[in-house]
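Here are the chains, one letter per residue:
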Amino acid sequence: MSERALRIGLPVVTLALVVLAWDQIVRLCAIPPYVLPGPGLVLATLIADSSLLWQSLLVTLTITFEGFLLAAFGGVALAIAFNQWRLFEYSLYPYAVILQVTPIVAVAPLLLIYLPQPLAVLACAWIVAFFPVLANTTLGLNSVDHNLIALFDLYKASRWQVLWNLKLPAALPQMLAGLRIAGGLSLIGAVVAEIAAGSAGAGSGLAYRIAESGYRLNIPRMFAALLLLSLAGVAIFFVLSALSHLALRRWHESAVRRER
Amino acid sequence: MSSPDKTIVSLRNVGKTFESGTVALDRFNLDVGSGEFVSLLGPSGCGKSSALRIVAGLSTASEGSVEGPGGAGAGHIGFVFQEPTLMPWADVAANVRLPLKLSDADEARSRAAVTQAIARVGLADFARAYPRELSGGMRMRTSIARALVTEPELLLMDEPFAALDEITRFKLNNDLLVLWQQLRRTVIFVTHSVFESVYLSQRIVVMTPRPGRVFAEIAIPAPYPRDERFRTSPEYAGFCRTVSEALSQAMAGGVP
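Scoring rules and cut-offs
Residues numbered from 1 in each chain as written. Chains lettered and ligands numbered in written order. Predicted model: local features only at pLDDT ≥ 70, side-chain atom pairs only at ≥ 80, totals over all residues. Heavy atoms only, no water. Helix = DSSP H or I, 4+ residues; strand = E, 2+ residues; numbered from the N terminus. Axes fitted to C-alpha atoms, helices over the stretch in contact; angles between N-to-C directions. Parallel < 35°, antiparallel > 145°, perpendicular 65-115°, else oblique. Contact = heavy atoms within 4.5 Å. Nonpolar A, V, L, I, M, F, W, Y, C, P; charged D, E, K, R; others polar. 1 Å grid on protein atoms, 1.4 Å probe; cavity = no way out; pocket = protein on both sides within 12 Å on 5 of 7 lines; lining within 4 Å. Points joined across faces, edges and corners; volume = space filled by probe spheres on them. Buried area = accessible area lost by both parts, 1.4 Å probe. Salt bridge = Lys/Arg side-chain N within 4 Å of Asp/Glu carboxyl O. Buried < 20%, exposed > 50% of the residue type's maximum accessible area, 1.4 Å probe, protein only.

Student: Mind showing me how you'd approach the environment of Phe-215 of chain B here?
Tutor: Within the secondary structure, Phe-215 of chain B is located in strand β9 (residues 213-219). Residues Phe-215 of chain B and Arg-120 of chain B, 95 residues apart in the sequence, show an inter-C-alpha distance of 36 Å.

Printed below as a string of structure tokens:
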């Protein structure tokens, strides 16, 4: 069997086996659905509650997407600013790190006090997601081939020309790697903030549904919402990976298929 | 072939000391006439690359005076690095176009110049190829095309063929000489290969290591065009011996 078929086939087989085992264990041990629902019940709940869950998914995805966009533009813009003005970097970089290393779960309740709820959720998604974009883009901008910089000097290129024609394209692989991480993280940020907001009694995203279902012991719906969240995360990862591949496939080692 | 009446590069008592305290050049003198092919020959660390970078204006001399076409604005000097130094995200044509793009050159004229430069180095069929799809020799050809695209008066080459295999290097040596005869540009060529310097140059400047100084200047009066026959001639072998001896003396720190 070809490598490609194995890479797709084996995870599918693994999934089938796990679902089958899950189903059998729930049946054989007669586990009640409020402890552990079987896969069939989760699927049935997913279908039965589809309009409710779909609405919530859209809410969460919108926030994730907005947080991601802000993180992408904010991270890249800040990285460019750091690269262009060293003093600016010295002044702000430590605080970017602090923002990143402070656990977002601890920050979220505070943000909810000071900001209106949708804005607070968005801020959480942004805080978690922007740092990998900033850090990776900064790394990329700073690791340009010094001979190429000398070449641009030789032709008296302006700062703007060096940035646009040399530094940004050179940093693209690292920037895209940062964006790929940021996609997943902005979903996490949105979910964390929704959970925090949910306990304060507001919100309608998927994470809020999970918290709410937990209070009501509606375990099948918790599973269904969790499944949707995971699928959303996987979809985000695939979309960003595909974008990265499209942008790099002609020239970057990471995206070039090698014949053996 | 050269017109020694017009000096294009003149270094007088040039010194270069790095921040680390390393003295790369000390009282270094060099005059290059328009149209000349001069090689700087010496062991690694003898300051020959530093001298080349000072001529290019990529580095500044700590002392002494430097005159060259670098002050006349961008595009008067072409530089070929030891590595091809291409932008991996751009194809051959875009890499060669870069110097013109940076000077906001006229679109139609620069397209013609790029096509011509690529054809000169024999890469006409590879204009749309990306650097990673090319062999080492072809990447170096791209780099040479890029250096020539602005039609510079002065071409500076910093051990450009050092990383290539011998067969490719010989081929590129031949092609470089053909280009030089066609275009009649001035070339300063840095190398640590005696054989390469004798084959290519009209004049070889042998340098001493640490600090870099001129140890000897040796003229190679063999006529051009030079080809494989010259490479295997007793005359060539004789020049190589002379230059080799000068180089070993320079490295031993002796007097000429």
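Student: Would you mind going over the packing of helix α2 (residues 39-48) of chain A against helix α10 (residues 219-248) of chain A with me for this structure?
Tutor: The packing of two helices is summarised by the inter-axis angle and the distance between the axes. All names here are of chain A. With their axes 8 Å apart at the nearest point, α2 and α10 run at an angle of 75 degrees to one another. By the criterion of interaxial angle, the relationship of α2 to α10 is roughly perpendicular. Contacts from Leu-41, Val-42, Thr-45 and Leu-46 of α2 reach α10 at Pro-220, Arg-221, Phe-223, Ala-224, Leu-227 and Leu-228. When its residues are assigned to classes, the contact of α2 with α10 shows 8 nonpolar, 1 polar and 1 charged.

Student: Is there a simple way to explain empty space enclosed by the protein in this structure?
Tutor: To find leftover empty space, one rolls a probe the size of a water molecule over the atoms. Residues and elements named next belong to chain B. Taken as a whole, this structure holds 2 cavities of 30 Å³ or more when the rule is applied. When its volume is computed, the largest cavity comes out at roughly 60 Å³. In terms of lining residues, the largest cavity is bounded by Leu-148, Leu-155, Leu-176, Leu-179, Trp-180, Leu-183, Arg-185 and Val-187. Looking at the lining of the largest cavity, the element that brings in the most residues is helix α5 (residues 166-183), giving 4 residues.

Student: Could you clarify how one ought to interpret the layout of surface pockets in this entry?
Tutor: By volume, the largest pocket amounts to about 430 Å³. Around the largest pocket sit 20 residues that line it, and Trp-251 of chain A together with Leu-86, Met-87, Pro-88 and Trp-89 of chain B are the ones nearest its centre. Per-element accounting of the lining of the largest pocket gives the leading share, 3 residues, to helix α8 (residues 159-199) of chain A. Looking at the lining of the largest pocket, its residues break down into 11 nonpolar, 5 polar and 4 charged.

Student: Help me understand the interface of chain B and chain A, please; the structure alone is not making it clear to me.
Tutor: Interface size is commonly expressed as the accessible area that is lost once the parts come together. Contact residues are listed per partner, giving 28 residues for chain B and 20 residues for chain A. Carbon and sulfur atoms supply 67% of the area that chain B and chain A bury against each other, a total of about 2,100 Å² over both sides. If you look at where chain B meets chain A, you find 1 salt bridge. The partner of Arg-250 of chain A in a salt bridge is Glu-133 of chain B, and the shortest N-O contact between them spans 3.6 Å. Secondary structure elements with two or more residues in the side of chain B that touches chain A: α1 (48-56), β5 (77-80), α2 (92-102) and α4 (136-148) of chain B. Sorting elements by how many residues they give to the side of chain B that touches chain A places α2 of chain B first, with 4 residues. In terms of residue class, the side of chain B that touches chain A is built from 15 nonpolar, 6 polar and 7 charged.

Student: Would you mind showing me how to read α2 of chain B here?
Tutor: Quick reminder: α-helices carry 3.6 residues per turn. Residues three or four places apart thus point the same way. All names here are of chain B. Summarising burial for α2: 8 of the 11 residues are buried, a large majority. For α2, the set of buried residues is Val-92, Ala-93, Asn-95, Val-96, Leu-98, Pro-99, Leu-100 and Leu-102. Just past α2, the residue Asp-104 takes up positive phi, approximately 55 degrees.

Student: Just to check I follow, could you spell out unusual backbone geometry for this structure?
Tutor: What you tend to see is this: most non-glycine residues have negative phi, and most peptide bonds are trans. Residues and elements named next belong to chain B. The linkage connecting Tyr-224 with the following residue, Pro-225, adopts the cis geometry, with an omega of -5 degrees. Of note in this structure, Thr-85 is not a glycine but carries a positive phi near 50 degrees. Inspection of the secondary structure puts Thr-85 in the loop between β5 and α2. Judged by its relative accessible area of 3%, Thr-85 is buried.

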